[in-house]
Amino acid sequence: MDAAALHTPVAIVGGGPVGLMLALFLDRHGVRSTVFDAAHHPYGEPRGNTHNARTMEHYRRLGISAAIRRLGLPAEHPADIAYFTRYDGHELARLPLASRSLRMRQTGAAPATDQTPEPVHRANQMYVERFLYEHVRTRPRITLLLGRTVTGLRQDRTQVLLRTEDADGRVAHTRARYAVGCDGGRSFVRRSLGVQYEGPGSLDQEVLGRRATAAHLRLPTFHKDVMTGPRAWSYWALNSELVMNLIALDGEDEFFLLTSSVDPDTADTGRLTDLVQRATGTPLPVEVLGHRPWTPGAALVAQRFTIGRVLLAGDAAHLFTPNGGFGMNTGVDDAANLAWKLAAVLQGWGGPGMLATYETERRPVALRNTAAARELNAGLGSIARPRALEEDGPAGEEARARVGDLLRDYGERTHSLGVQLGARYDGSPIVADDGEPPADSWGTYTPSSVPGGRAPHLWLDDWHGQGSSLYDRLATGWTLLRLGGGAPDSKPLEAAAQGLGMPLAVLDVDVPEARDLYERDLVLIRPDQHVAWRGNRLPTDPGELVAQLTGSGQAGAREAA
């Protein structure tokens, strides 16, 4: 290995949204990183469209949520999901979803204990990725190396050694303390480690099953000549002949097409144009800007997330069907979990058991979320599309009413707030067990201070006009909440944290809603906003608690009698 090789604390292989978010989280924790990506510029084709409530909270922590909300659909454009027999035919069902501006106005009138301070946002990944690239360039602790493909990776007890090549075949080497593979479903890093995916692949169904086609389209007359009624974000066409989904990208003429009604191996401009025209019932002009094959239905999770000094995140660790929009969002949550743990180890306050908890905590979440997405995919595929759907008369009306009810029920299930906010790390060695967590639900989220879950959100009493979320007051490191005005002295815990170098801030919140919501006088919140410990008094040995929560010891800490 060249003695002059670039050295970086963390090498991130893959410059997609998960890799860039990991770099930004590390930067927030004061850790330098180097991001390698084979491309010379951000990905230019549409992919995921949903930035869920938890991902938007992560953007808020980084100070970029407002900028990201300006991307995608215009502020007043509805985010409805609408289902039609054909776009010029019968509307089967519509799931009304507020526009961006209306959602934010609703947030401004929410109660103090509202749990969605950052509602879901619809903006295609290609727009957000471009923003993240530009934002990363402003951060001095992040080095972004584009046009460099990682072609070799090996590790020893103290470092990871990476070999990269550029388009001209020039070779460079990098030494890193740790490396993270964020390089997608065909991850070179995962394959280099000999790690396989486990789980079911594509669903054998006609609706978004087997192999499918994704396309980037420009439809300049779609809203003028076809969809002259209320606009939507997602336009489905379902009948006995075809199924396709057109997702509005810019609110004007650009759309993202997903369909299994055309063979991806033979899809070309002519076949895609014919499909869209059959779905719209009119020979409208269609410009195909790009298309590619994809495989819906997969629910694949890597056997391991952590192998020595190399870790996996995002699609390299789990591969989703897009139903529900869980894939990228689960990857961003991976990055939030991993970044503070890498910082802890690199900064010396994380113990030998810290990094192993990344896999312990995140792999079960990946299994849960991939299963939820696959169930949604199967649920859509199970809805029959009889020929009568397009018929006039009583038979057609009855068929449309029946299918519409099924589609409304399916659409409601895609909200999945429990998937978005309900990830829990129960049983983790760096969580102090205390109490029974709420029952897991993909559809609903129950706020709870039982350690392991997301810290419940609270708008503070001065938030009107100020946007003062409890989350805005949490420290970059750990935060000890002292709630209700009568909380005990926290100095012994502060001293124990200081002795280990663990960054800890104390936040007094003396409002009744906070004490009622958290149910304890003291609540210790991790850097990723998950509850680690709670009690009405400090444990008899605060040092033992700190050792457990930083991966230095496995013994539990209990509240003093």
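Residues numbered from 1 in each chain as written. Predicted model: local features only at pLDDT ≥ 70, side-chain atom pairs only at ≥ 80, totals over all residues. Heavy atoms only, no water.

Points about the packing of helix 1 (residues 17-28) against helix 5 (residues 125-136)
Then, in step 1: Running from N to C, helix 1 and helix 5 cross one another at 35 degrees; their axes reach a closest spacing of 10 Å. Helix 1 and helix 5 meet at a crossing whose hand is left-handed. Side by side, helix 1 and helix 5 meet where Pro17, Leu20, Met21 and Leu24 of the first sit next to Gln125, Glu129, Leu132, Tyr133, His135 and Val136 of the second.
Then, in step 2: Residue classes in the contact of helix 1 with helix 5 are distributed as seven nonpolar, two polar and one charged. (Axes fitted to C-alpha atoms, helices over the stretch in contact; angles between N-to-C directions. Helix = DSSP H or I, 4+ residues; strand = E, 2+ residues; numbered from the N terminus. Left-handed = near helix turned anticlockwise from the far one by under 90°. Contact = heavy atoms within 4.5 Å. Nonpolar A, V, L, I, M, F, W, Y, C, P; charged D, E, K, R; others polar.)

Focus on the confidence of the model for the protein
Then, in step 1: Looking at the protein, the pLDDT average stands at 92 and 97% of residues meet or exceed 70.
Then, in step 2: Note on residues 554-561: pLDDT is under 50 here. Beyond four places in sequence and across chains, it has 22 contacts. (pLDDT = per-residue confidence, 0-100.)

Re the packing of aromatic side chains
Then, in step 1: Counted according to the given criterion, the structure contains nine aromatic pairs.
Then, in step 2: Aromatic pair Phe305 and Tyr358: ring centres 6.1 Å apart, planes at 45 degrees, arrangement tilted. Of this pair, Phe305 sits in the loop between strand 17 (299-302) and strand 18 (306-307) while Tyr358 sits in helix 10 (residues 356-381), and the two are 53 residues apart along the sequence. Just as Phe305 is buried, Tyr358 falls in that class too.
Then, in step 3: Put simply, the rings of Phe84, Tyr87, Phe222, Tyr235 and Phe255 touch in pairs and so form one group of aromatic residues.
Then, in step 4: Over the face of the ring belonging to Trp233 we find Arg122, whose NZ or CZ atom lies 3.9 Å from the ring centre.
Then, in step 5: Over the ring of Tyr178 we find Arg309; its NZ or CZ atom is 4.7 Å from the centre of that ring. (Phe/Tyr/Trp six-rings, centres within 6.5 Å; stacked < 30°, edge-to-face > 60°. Buried < 20%, exposed > 50% of the residue type's maximum accessible area, 1.4 Å probe, protein only. Lys NZ or Arg CZ within 6 Å of the ring centre and 35° of its normal.)

Points about the sheet that holds strand 16 (residues 287-294)
Then, in step 1: Strand order across the open sheet formed by seven strands is 5-4-13-14-15-12-16, with mixed pairing between neighbours. Either end of the sheet is taken by a strand with one partner, and the two such strands are strand 5 (91-95) and strand 16. For this sheet, the mean inter-axis angle between neighbouring strands, taken without regard to orientation, is 15 degrees.
Then, in step 2: Sheet topology note: the strand 4 (residues 81-84)/strand 5 ladder contains four bridges and is antiparallel. Note that in strand 5 the partner of Tyr83 across the bridge is Ala93. (Pairing = 2+ DSSP bridges.)

So, the nonpolar core
Then, in step 1: Grouped together as the largest cluster of nonpolar side chains are 81 residues, with contacts concentrated most on Leu22, Val180, Leu342 and Trp533.
Then, in step 2: Considering every element that reaches this core, the biggest residue donor is helix 9 (residues 327-346), with eleven residues.
Then, in step 3: Counting 64 residues, the second-largest nonpolar core is a separate cluster that includes Leu217, Leu242, Leu275 and Val276. (Core = buried A, V, L, I, M, F, W, Y, C linked by side-chain atoms within 4.5 Å.)

Some words on the environment of Val10
Then, in step 1: Mapped onto the fold, Val10 is located in strand 1 (residues 6-13).
Then, in step 2: Distance in space between the C-alpha atoms of Val10 and Arg534 is 32 Å, their sequence separation being 524 residues.

Looking at the sheet that holds strand 17
Then, in step 1: Pairing is antiparallel across the open sheet formed by three strands, whose spatial order is 11-17-20. Of all the strands in the sheet, just strand 11 (197-198) and strand 20 (318-320) have a single pairing partner and so form its edges.
Then, in step 2: As paired elements, strand 17 and strand 20 share three bridges and run antiparallel to each other. Opposite Ala299, over in strand 20, you have Phe320 as the bridge partner.
Then, in step 3: The strands that helix 10 touches are strand 11, strand 17 and strand 20; relative to strand 17, the one it contacts most, it runs at about 170 degrees.

Re unusual backbone geometry
Then, in step 1: If you check the backbone angles, Leu208 has positive phi at about 45 degrees while not being a glycine.
Then, in step 2: A residue is classified by how much of its surface remains accessible, and Leu208, at 6% relative accessible area, is buried.
Then, in step 3: Positive phi values are uncommon outside glycine, yet Ser416 reaches one of about 45 degrees.
Then, in step 4: With respect to the helices and strands, Ser416 occurs in the loop between helix 11 (394-413) and helix 12 (417-421).
Then, in step 5: Taking relative accessible area as the criterion, Ser416 reaches 4% and is therefore assigned buried.

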